[in-house]
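# Summary of the model geometry
Below, each chain spelled out in residue letters.
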Amino acid sequence: MRYSQLFGKTNKTAPHDADSTNARLLTQAGFINQLMAGVYTYLPLGLRVLKKIHNIVRDEMNKLGASEIYMPALHPKDVYDKTQRWDKIDVLFKLEGHGEKQYALGSTHEEIVTPLVQQYVHSYKDLPLSVYQIQDKFRNEQRAKSGLLRGREFSMKDLYSFHLTEEDFLDFYEKSKQAYLNVFKRCGLDALIVEASGGVFSKFSHEFQVPTQYGEDLIYHCECGFAQNREIAEVKDGDACPSCKIGKVIETKSIEVGNIFPLKTRFTDAFGFKVQGPDRKMHDVLMGCYGIGPSRVMGSIIEIHNDDRGMIWPKSVAPFDVHIVSLSNKDAMIKEKIENTAESFMRDLELQGVEVLWDDRDASAGEKFADADLIGIPLRLVVSEKSLAEDSVEWKERHEENARLVKLTNLVEEVTITVLP
Ligand code: ATP
Ligand code: MG
């Protein structure tokens, strides 16, 4: 794709109210555009990243055996009356329709998914079952802040599982932990599994926390894997680890990128959802819910992977695989040769399935390099008079300091091997 044709360009000045690295860099690089506090448009570059994160999440959820659905974001009040949460969910956006009918915008979907699944599950033979969706959630957060980290409209993957026995639930719950770790790893984040309060439904839940000084949460963890959120922690910084007894507990700020909860029968009871067991008696249905915030993941990736020049995308979620930069030239013939080389190179790579952004603008080398660093695509290839004199392009990976010349022959193959999984 030609950069000149891309909607949403870089801008030199940072947004005046950007309170975090991700808000500043993503806005400056033309990935997102703020409509109001906590609400963003995803421009083409940002949308490409978000979709890649979605697809990683989708892949891991499908591997868990869950089915993807898409539920409404507009909810009637009566389902919240059944669970008595209309006035309990403090972040719920409420609105009024014709005839004074009350609605809410979905902040989570237990009230929708439970009666939905109930319509299709009649006997123990229909269980276990899990469904998920990837959708925007709406939360009237006290304070929207830190760019994509805390929005009022944000992307969430929410999965719900239904089980006949506690044992079966726990088995799925453990498998979901591994799936979550896979998601974050594939997105370039090292997440820790942290014990947290279960809220109103059960004694515990598990959060997936990415340690960084820019996080809002505070966790206590040990190398052995022990980790607790401040809200339930029985330890402090420097304490001997209560789990392995060898290591020391470290206090770290972190970002919650995922959270999984046992819901027991909190919602199935509210909707009178029971199933017939093999003994022909009616049995409780146990539930779990599992959330990931793909937009918060996107913001977190940038809080972790950046330098003073801009963003450094992990390959798996980069908006493009390769950034071709063709340099302008005073000599019209040389200029044409440079552009032809860049363009045919782009076409050849695209035929191999490589995603290419070509900076074809008539801008200075300095401006193009600064933009390439800001945008942060993993591999930059510069075509210039100098490189063509060597039948080469200049090859530079975003996370490395040095560039090297690579011959045009075999270049497509070399790029393909480097960027494709
Ligand atoms: P927090 O404690 O940060 O307010 P939460 O515990 O209320 O979040 P959950 O209900 O567990 O959030 O939502 C599941 C996931 O959705 C979170 O782990 C997070 O990744 C994401 N998420 C929650 N709230 C927001 C938000 N306001 N903006 C962006 N992502 C969010
Ligand atoms: Mg949470």
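Bear in mind the structure is a predicted one, so any value in this text is a computation, not a measurement. (Residues numbered from 1 in each chain as written. Chains lettered and ligands numbered in written order. Predicted model: local features only at pLDDT ≥ 70, side-chain atom pairs only at ≥ 80, totals over all residues. Heavy atoms only, no water.)

This brings us to the environment of Ile377. Here Ile377 is to be found in the loop between α9 (365–375) and β21 (379–383). What makes Ile377 buried here is its relative accessible area of 3%. Each C-alpha atom, one on Ile377 and one on Asp321, is 6.4 Å from the other, the two residues being 56 residues apart in sequence. Non-local contacts of Ile377, meaning those with residues more than four positions away in its chain, are made with Trp313, Pro319, Phe320, Asp321, Val322, His323, Leu357, Ala372 and Arg398. (Helix = DSSP H or I, 4+ residues; strand = E, 2+ residues; numbered from the N terminus. Buried < 20%, exposed > 50% of the residue type's maximum accessible area, 1.4 Å probe, protein only. Contact = heavy atoms within 4.5 Å.)

Right, let's talk about the environment of Gly376 for a bit. When you line up the elements, Gly376 lands in the loop between α9 and β21. You can call Gly376 buried: its relative accessible area is 0%. Taking the C-alpha atoms as reference, Gly376 lies 9.5 Å from His305; in sequence the two are 71 residues apart. Apart from residues lying up to four places away in sequence, Gly376 is in contact with Met311, Ile312, Trp313 and Arg398.

Turning our eyes to something else, we now look at the side chain of Ser326. Mapped onto the elements, Ser326 comes out in strand β19 (residues 322–326). Overall, the relative accessible area of 4% leaves Ser326 in the buried class. In terms of polar contacts, Ser326 uses its side chain to reach the backbone carbonyl oxygen of Asp359, at 3.4 Å. Every residue in contact with Ser326, bar those within four places of it in the chain, is listed here: Ile338, Ala342, Trp358, Asp359, Asp360, Lys368 and Val383. (Polar contact = N/O pair within 3.5 Å; in protein donor to acceptor, adjacent residues only side chain to side chain.)

Next up on the list: the site of ligand 1. Near ligand 1 you find 14 residues, and of these Arg139, Glu141, Arg150, Gly151 and Glu256 are the closest. In the environment of ligand 1, an oxygen atom lies 2.9 Å from a nitrogen or oxygen atom belonging to the side chain of Arg139. The backbone of Val257 places a nitrogen or oxygen atom 3.0 Å from an oxygen atom of ligand 1. For ligand 1, whose unbound accessible area comes to 590 Å², protein coverage reaches 84%. Every element with two or more residues in the shell around ligand 1 is listed here: β8 (153–163) and β13 (250–264). Across the shell around ligand 1, the residue classes break down as 5 nonpolar, 4 polar and 5 charged. (Near = heavy atom within 4 Å. Areas by Shrake-Rupley, 256 points an atom, 1.4 Å probe, with all protein chains shown as cover. Nonpolar A, V, L, I, M, F, W, Y, C, P; charged D, E, K, R; others polar.)

Here we take up empty space enclosed by the protein. The full count for this structure, using the stated rule, is 1 cavity of 30 Å³ or more. The computed volume of the largest cavity comes to approximately 60 Å³. Surrounding the largest cavity, His323, Ala372, Asp373, Ile377, Arg380, Lys396, Glu397 and Arg398 form its lining. Partitioned by chemical class, the residues of the lining of the largest cavity number 2 nonpolar, 1 polar and 5 charged. (1 Å grid on protein atoms, 1.4 Å probe; cavity = no way out; pocket = protein on both sides within 12 Å on 5 of 7 lines; lining within 4 Å. Points joined across faces, edges and corners; volume = space filled by probe spheres on them.)

On to the domain arrangement of the protein chain. You can read the domains of the protein chain as domain 1 (3–307) and domain 2 (322–419). Taken together, the contact between domain 1 and domain 2 spans 12 residues of the former and 11 residues of the latter. Summed over both sides, the interface between domain 1 and domain 2 buries roughly 1000 Å², with carbon and sulfur atoms accounting for 58% of that surface. Our count for the contact surface shared by domain 1 and domain 2 stands at 3 salt bridges. Put simply, domain 1 and domain 2 have 6 residue pairs in polar contact (both at pLDDT 80 or more) between them. Of all the secondary structure elements, the ones that give two or more residues to the side of domain 1 that touches domain 2 are α1 (21–28) and α2 (44–63). Per-element tally for the side of domain 1 that touches domain 2: the top contributor is α2, with 3 residues. By residue class, the composition of the side of domain 1 that touches domain 2 is 5 nonpolar, 3 polar and 4 charged. (Domains from an automatic or database assignment. Buried area = accessible area lost by both parts, 1.4 Å probe. Salt bridge = Lys/Arg side-chain N within 4 Å of Asp/Glu carboxyl O.)

This brings us to the pattern of salt bridges. Scanning all chains against the criterion turns up 35 salt bridges. Residues Arg186 and Asp59 are paired through a salt bridge, measuring 2.7 Å at the closest nitrogen-oxygen approach. Here Asp59 lies in helix α2 and Arg186 lies in helix α5 (residues 166–186), a separation of 127 residues in the sequence. Relative accessible area serves as the criterion here: at 32%, Arg186 is assigned to the partly exposed category.

What follows is about the sheet that holds β21. Strand order in the open sheet formed by 5 strands is β20-β19-β21-β22-β23, with mixed pairing between adjacent strands. The outermost strands of the open sheet, each flanked by one partner alone, are β20 (356–359) and β23 (404–407). Direction aside, the axes of adjacent strands within the sheet are offset by 30° on average. Pairing between strand β22 (residues 392–397) and β23: 4 bridges, direction antiparallel. Of the residues in β23, the one forming a bridge with Trp395 is Arg404. Contacting β19, β20 and β21, helix α8 (residues 332–351) runs over the sheet at an angle of about 170° to β20. The strands touched by helix α11 (residues 411–419) are β19, β21, β22 and β23; relative to β22, the strand with the most contacts, the crossing angle is about 10°. (Pairing = 2+ DSSP bridges. Axes fitted to C-alpha atoms, helices over the stretch in contact; angles between N-to-C directions.)

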